[in-house]
Amino acid sequence: MPPILDHVLVLGGSAAGMLAAGAIAPHVRRVTLVERDVLAGSGPRKGLPQARHANNLTPVACTLMEGWFPGIIDALVAAGATSLDPGGDAIWVLGDRPLARASLGRRTLLASRALLDGALRDRLRSRPGLVVRDGVPATGLAGTARAITGVTVRGADGDETIAADLVVDASGRGSRVVAWAAGLGASRPPEQRYRVGVRYATRIFRGRRAPDGVAMIVVAATAARPRGAVAFAIEDARWLVTTFGYGGEAPPPALADFRRFVAELQVPALDAIAAAEPLDDGAVIGFGDTARVGLERWRDAPDGLVVLGDAACALNPCYGRGITAAALQVDALVRELARGGPGLPGRSHRAVAAAAAPVFELQQSIDAAIPGVTGAVDATPPPIRWLVRRARRVGERDPVVARTILQIGGCEAPRSRLLRPDVLWRVLRAAG
Ligand SMILES: Cc1cc2nc3c(=O)[nH]c(=O)nc-3n(C[C@H](O)[C@H](O)[C@H](O)COP(=O)(O)OP(=O)(O)OC[C@H]3O[C@@H](n4cnc5c(N)ncnc54)[C@H](O)[C@@H]3O)c2cc1C
């Protein structure tokens with residue numbers, strides 16, 4: 001079947017944009033990726049301040065990425081990324097004690113964001129039919145309130161309009177695309193938003209994965225402890241440790257204070273990592289709101305435009321699901337492109353929104369209990385809320401329950417998986 005679209009323009013060259021460009025390319029004749037920053041080297045860039053902090057992939061994201069970029073997982077491992085089973089090779093502290101170790105039977109990767117983005121970028125640049133235009137900021141949309149026909153950009157030779165059959169907005173949480181569409185007369189889609197007020201501090205330490213195979217430690221925030229940390233064994237024999245606090249609590253980057261913050265989390269394996277030789281001076285970053293654009297209810301959305309990634313659903317980064325959510329949204333879009341036929345933009349928006357909404361809702365239900373978070377609503381029915389709390393405690397002893405919790409958190413299974421008889425039985429019959 002011939003491609004249904006001639007030219008797709010992807011706006012934004014970070015994870016969502018690169019995954020989208022690579023995934024869409026086989027389904028259309030041409031793809032152009034437009035990125036404001038110059039994409040060169042592995043140093044920090046203005047549009048990606050999160051690159052110095054922990055950026056997590058899940059098995060779901062790895063599987064999708066490998067499908068769109070065959071061989072990329074092996075290439076990343078060869079470049080030093082750590083391959084792990086996030087159930088068996090990690091310590092997860094979601095409450096007072098760690099979850100039981102439970103293999104997920106699937107693997108994921110730990111790497112710096114620079115290594116990951118560099119691998120994606122190299123593959124994009126060598127794809128036929130795909131052009132990367134970096135150092136080129138988009139300044140607006142071309143077209144009307146009914147149909148977007150391209151993007152205006154500021155290039156080296158002045159302003160120009162790049163025509164496209166479909167514009168995919170992957171320009172991140174600061175995206176102006178919905179506002180630009182409104183400027184053309186389109187309505188604005190509804191939005192869900194709540195305040196997390198999260199602050200991060202990240203440091204790099206020398207060290208390799210632990211002798212028992214542990215390569216990742218996750219200490220989640222709870223209602224009693226609105227702070228946490230993650231540690232990833234990454235390339236070049238380093239551990240990347242990101243600490244975070246809610247409600248204006250700012251983890252300190254200075255070494256002694258950073259170690260004290262880590263020690264207060266009372267996870268000895270994390271203390272041991274942070275006691276090693278420091279390899280940088282630390283970095284900090286903050287986030288105000290988490291927000292989801294209600295694309296499924298954007299009734300008169302213009303044709304020729306799809307919004308995805310952080311631009312559509314800016315998640316709380318403490319859960320490390322931004323790249324996974326972006327991959328799930330790209331997958332939903334590509335399935336619609338492959339189906340073809342009429343009504344593509346409307347269908348795409350509904351499919352993309354359906355991929356992101358459960359991730360947002362799950363996080364919102366947990367965030368709603370955390371002090372300092374405002375405006376979050378936990379819509380979970382009280383019996384399920386009780387079951388989730390109990391499952392978390394039982395999962396500290398029972399590997400089957402622990403595995404189910406990690407599958408739900410890893411976007412591999414819906415929360416209703418806890419109601420499956422074999423899991424429910426274990427949760428209910430356990431003592432305590
Ligand atoms: C501190 C922090 C920690 C995070 N930790 C994790 C984690 O552990 N795991 C995880 O999965 N996710 C994490 N995330 C989220 C993750 O980084 C994003 O979800 C992921 O990068 C996908 O976002 P995106 O590509 O949609 O947007 P972004 O990464 O924000 O990228 C948007 C891109 O669009 C470009 N752009 C913006 N405006 C324009 C314009 N006008 N013209 C051209 N280009 C433009 C920007 O330069 C940028 O390259 C974290 C985010 C932050 C901020």
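Residues numbered from 1 in each chain as written. Predicted model: local features only at pLDDT ≥ 70, side-chain atom pairs only at ≥ 80, totals over all residues. Heavy atoms only, no water.

A look at the nonpolar core
By size, the foremost hydrophobic cluster in this structure holds 100 residues, and its most contacted members are Ile 24 and Met 65. In terms of residue count, helix H8 (residues 322-339) provides more of this core than any other element does, ten residues in total. Looking at which domains feed residues into this core, each of domain 1 (5-48 + 57-77 + 114-192 + 291-366) and domain 2 (82-109 + 193-287) gives three or more. Those residues in contact with Met 65, other than ones at most four positions away along the chain, are Leu 19, Leu 57, Ile 72, Ile 73, Leu 76, Leu 116 and Leu 120. (Core = buried A, V, L, I, M, F, W, Y, C linked by side-chain atoms within 4.5 Å. Buried < 20%, exposed > 50% of the residue type's maximum accessible area, 1.4 Å probe, protein only. Helix = DSSP H or I, 4+ residues; strand = E, 2+ residues; numbered from the N terminus. Domains from an automatic or database assignment. Contact = heavy atoms within 4.5 Å.)

Some points on unusual backbone geometry
Even without being glycine, Ala 237 reaches a positive phi, approximately 50 degrees. Residue position: Ala 237 is located in the loop between strand S13 (227-234) and strand S14 (238-245).

Digging into the packing of H8 against helix H9 (residues 344-367)
It is the contact of H8 with H9, at a shortest axis distance of 8 Å, that shows an interaxial angle of 150 degrees. Here H9 runs roughly antiparallel to H8, going by the angle between their axes. Crossing hand, H8 versus H9: right-handed. Taking contact as the criterion, the partners of Leu 328, Gln 329, Ala 332, Leu 333, Glu 336, Leu 337 and Arg 339 in H8 are, on H9, Leu 344, Arg 347, Ser 348, Ala 351, Val 352, Ala 355 and Ala 356. In terms of residue class, the contact of H8 with H9 is made up of nine nonpolar, two polar and three charged. (Axes fitted to C-alpha atoms, helices over the stretch in contact; angles between N-to-C directions. Parallel < 35°, antiparallel > 145°, perpendicular 65-115°, else oblique. Left-handed = near helix turned anticlockwise from the far one by under 90°. Nonpolar A, V, L, I, M, F, W, Y, C, P; charged D, E, K, R; others polar.)

Looking at the pattern of salt bridges
In total, this model carries 31 salt bridges according to the counting rule given. Here Glu 396 ties to Arg 97 by a salt bridge, and the two come within 3.3 Å at their closest N and O atoms. You can see Glu 396 sitting in the loop between helix H10 (382-394) and helix H11 (399-409) and its partner Arg 97 sitting in the loop between strand S4 (90-93) and strand S5 (108-110), a full 299 residues away along the chain. Look at Glu 396 and you get buried, because its relative accessible area is 15%. Here Glu 249 ties to Arg 227 by a salt bridge, and the two come within 2.7 Å at their closest N and O atoms. (Salt bridge = Lys/Arg side-chain N within 4 Å of Asp/Glu carboxyl O.)

Focus: the environment of Glu 235
Take Glu 235: it is sitting in the loop between S13 and S14. As a C-alpha pair, Glu 235 and Val 77 span 158 residues in sequence and 8.7 Å in three-dimensional space. When residues no more than four places from it in sequence are discounted, the contact partners of Glu 235 are Ala 79, Gly 80, Ala 81, Ala 111, Ser 112 and Leu 115. Engagement of the side chain of Glu 235 in a polar contact is seen with the side chain of Ser 112, the distance being 2.4 Å. (Polar contact = N/O pair within 3.5 Å; in protein donor to acceptor, adjacent residues only side chain to side chain.)

Thoughts on the domain arrangement of the protein chain
The domain architecture assigned to the protein chain consists of domain 1 (5-48 + 57-77 + 114-192 + 291-366), domain 2 (82-109 + 193-287) and domain 3 (382-429). A separation of 33 Å is found between the C-alpha centroids of domain 1 and domain 3. Taken residue by residue, the interface counts nine residues in domain 1 and six residues in domain 3. Interface area for domain 1 against domain 3, summed over the two sides, is near 570 Å², with a carbon-plus-sulfur share of 67%. On the domain 1 side of the interface with domain 3, the three residues burying the most area are Val 60, Arg 321 and Leu 362, jointly 58% of the side's total. Across the contact surface, domain 1 and domain 3 share zero salt bridges. Along the contact surface separating domain 1 from domain 3 lie two residue pairs in polar contact (both at pLDDT 80 or more). It is H9 that provides the largest number of residues to the side of domain 1 that touches domain 3, a total of three residues. (Buried area = accessible area lost by both parts, 1.4 Å probe.)

Let's talk about the site of the ligand
Close contacts around the ligand come from 33 residues, with Ser 14, Glu 35, Phe 287, Asp 310 and Ile 323 the closest. One of the backbone N or O atoms of Ala 15 is found 3.4 Å from an oxygen atom in the ligand. In this structure, an oxygen atom belonging to the ligand sits 2.9 Å away from a side-chain N or O atom of Arg 45. In isolation the ligand exposes 980 Å². Once the protein is present, 95% of that is buried. Only helix H1 (15-24), strand S2 (28-35), strand S15 (283-293) and H8 provide two or more residues apiece to the shell around the ligand. Here the residues of the shell around the ligand are counted per class, giving 15 nonpolar, eleven polar and seven charged. Both of domain 1 (5-48 + 57-77 + 114-192 + 291-366) and domain 2 (82-109 + 193-287) provide at least three residues apiece to the shell around the ligand. (Near = heavy atom within 4 Å. Areas by Shrake-Rupley, 256 points an atom, 1.4 Å probe, with all protein chains shown as cover.)

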